[in-house]
Amino acid sequence: MGIKNLLSSLIGINCLFVLVILATSCKPSKNELFEFNPLDLVEREILLSEIADEISYVPLDNKIPIGQNPVIKFVDGFFYVSDSENGLMVFSERGEFIRRIGQKGRGPGEYRFSRTFTIDGVTGTIYVKDLENIIRYSNDGEFMGNLRLDQYAGSIDFIQIYGPYLFAPYNIQYSEGSEFEWVIYDTLGNAVKKKEMSLPPFKSNYLAGGGSYLFDDNLYFWNQFLDTVYKIKPDLTAEPSFIILSGEYSLPKTYIPDPIGGIPQFMFIDNIMQTKHFIMLNFAQFGKFNGFVLVDKKTGKSSLYCSEPDKTGFILNDIDGGVGFLPRYYYEENGREFLLGVTDPYPLKNHVASDDFKNSSPEFPENKQQLKEIADNLEETDNPVLIAVKLKN
């Protein structure tokens, strides 16, 4: 059976439409990139105890009510949380509110949007991307001025600090007149490296950006309209790292009459992360389901767990029997690897009160009791609870 026919047959099997080529997950092709083998994809429940040996919960201070779907990062001992209502906030490792970084507004040192931010772990400088400017703050929140990155045509998607540089990819779906897919700037706003467009100019009304992650001193970057995930090295040379082949599920490089309700067949990648032992990817096929993919980098074994449209693919928490865990951020501390997720008090309390939790037999029963005590001390309207998972060595 040819690959095309094989893939067609897989489409009928709920989640197995995902055709993802992931680094070290498959056999290398002639161009030495790694290709994912659909036959290796196994849909199953992924257990947290397979990858982690410890879990902890950090209820965030209720001093400022946090809105829906906050962006969360952990840098140099602090949690940085940004939402659309409050802007960027800083919390201690115990969840204590420390300060706001700037505030919402249109005046000096203020921003309209703060969901795209990056932090220099060496200098402590915080960069917040607003519509036109990059706004800089010191580690204690002092406004340090604006940084304009407008010398090239195009709309910057997000920013990522990388060593002494700022990585700025562009929204290539608005690429008419744009020259570059991404530009690397120094922290004064001078361009030091540029990547020319690899696609012919096109225009789409679908706002699909990309993402990046840092791992092993390298910067990795993807875009929804590209099939290549790039690795950028410390010397700023870039090379393909792996490829995402979504085939007929690729976002079209054209105008979409109904960009929200009219594209249920297309795939959207929400996040990609990498650890020493795994590559993780979560995605959505609009209107159908969400999925979480775990790839073992050593064995190449791939696992896929899917859920209903209004839910998210996740890792089943068999460590303490808690809510399903969806990793949203990776970081290292004291030589150990961590994944960071978040849950709201309402689903956490509901889960702990359920028969499923009461009858569960997790790997660490003592942690089950600790989680119950945490849930009992929460109000349903409290701020989100961060979930920190320590990975196995």
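Residues numbered from 1 in each chain as written. Predicted model: local features only at pLDDT ≥ 70, side-chain atom pairs only at ≥ 80, totals over all residues. Heavy atoms only, no water.

### Re the sheet that holds strand β15 (residues 160-162)
Applied cut-off: Only strands joined by at least two bridges in the DSSP assignment are considered to pair. Each helix is a run of H or I in the DSSP string that is no shorter than four residues. Each strand is a run of E no shorter than two, and both are numbered from the N terminus. Convention adopted: a line fitted to C-alpha atoms gives each axis, helices being fitted over their contacting stretch, and angles between N-to-C directions are expressed from 0 to 180 degrees.
Taken in spatial order, the four strands make up an open sheet running β15-β16-β17-β18, and their pairing is antiparallel. A strand with exactly one partner marks an edge of an open sheet, and here the two such strands are β15 and β18 (191-196). Sheet twist, expressed as the average angle between the axes of neighbouring strands with direction ignored, equals 20°. With five bridges connecting them, strand β17 (residues 180-186) and β18 associate as antiparallel partners. Directly across from V183, in β18, lies its bridge partner K194.

### Details of the environment of G141
The cut-off we apply is this: Here a residue-residue contact requires only that any non-hydrogen atoms of the pair lie within 4.5 Å.
Following the sequence through the fold, G141 ends up in the loop between β13 (134-137) and β14 (143-147). For the pair G141 and M89, spaced 52 residues apart in the sequence, the C-alpha separation amounts to 9.6 Å. If we ignore the near neighbours within four places in the chain, the residues touching G141 are R99 and I101.

### Describing the packing of aromatic side chains
How two aromatic rings sit relative to each other is set out by the distance from centre to centre and by the angle between their planes. Put simply, the rule reads: Ring pairs are drawn from Phe, Tyr and Trp, using the six-membered ring of Trp, whenever the two centres fall within 6.5 Å, and their geometry is named by plane angle: stacked under 30 degrees, edge-to-face over 60, tilted for the rest. A ring is considered to have a charge above it if a Lys NZ or an Arg CZ atom is located within 6 Å of its centre and within 35 degrees of its normal.
Evaluated as defined, the whole model comprises 16 aromatic pairs. Through pairs of rings, three or more aromatic residues link up here, namely F74, F79, Y329, Y331 and F338. In this arrangement the basic side chain of K73 is found over the ring face of F117, its NZ or CZ atom lying 4.6 Å from the centre. The ring of F357 is capped by K368, whose NZ or CZ atom sits 5.2 Å from the centre of that ring.

### Description of the sheet that holds β13
One key point about sheets: their strands pair by backbone hydrogen bonds, in either a parallel or an antiparallel sense. In spatial order, the strands read β11-β12-β13-β14; together these four strands make up an open sheet with antiparallel pairing. Edge strands, defined here as strands with exactly one partner in the open sheet, are β11 (117-119) and β14. Each strand axis lies, on average, 20° off the axis of its neighbour in the sheet, ignoring direction. Two elements, strand β12 (residues 126-129) and β13, share four bridges in a ladder whose sense is antiparallel. Looking at β13, one finds that I126 is bridged to Y137.

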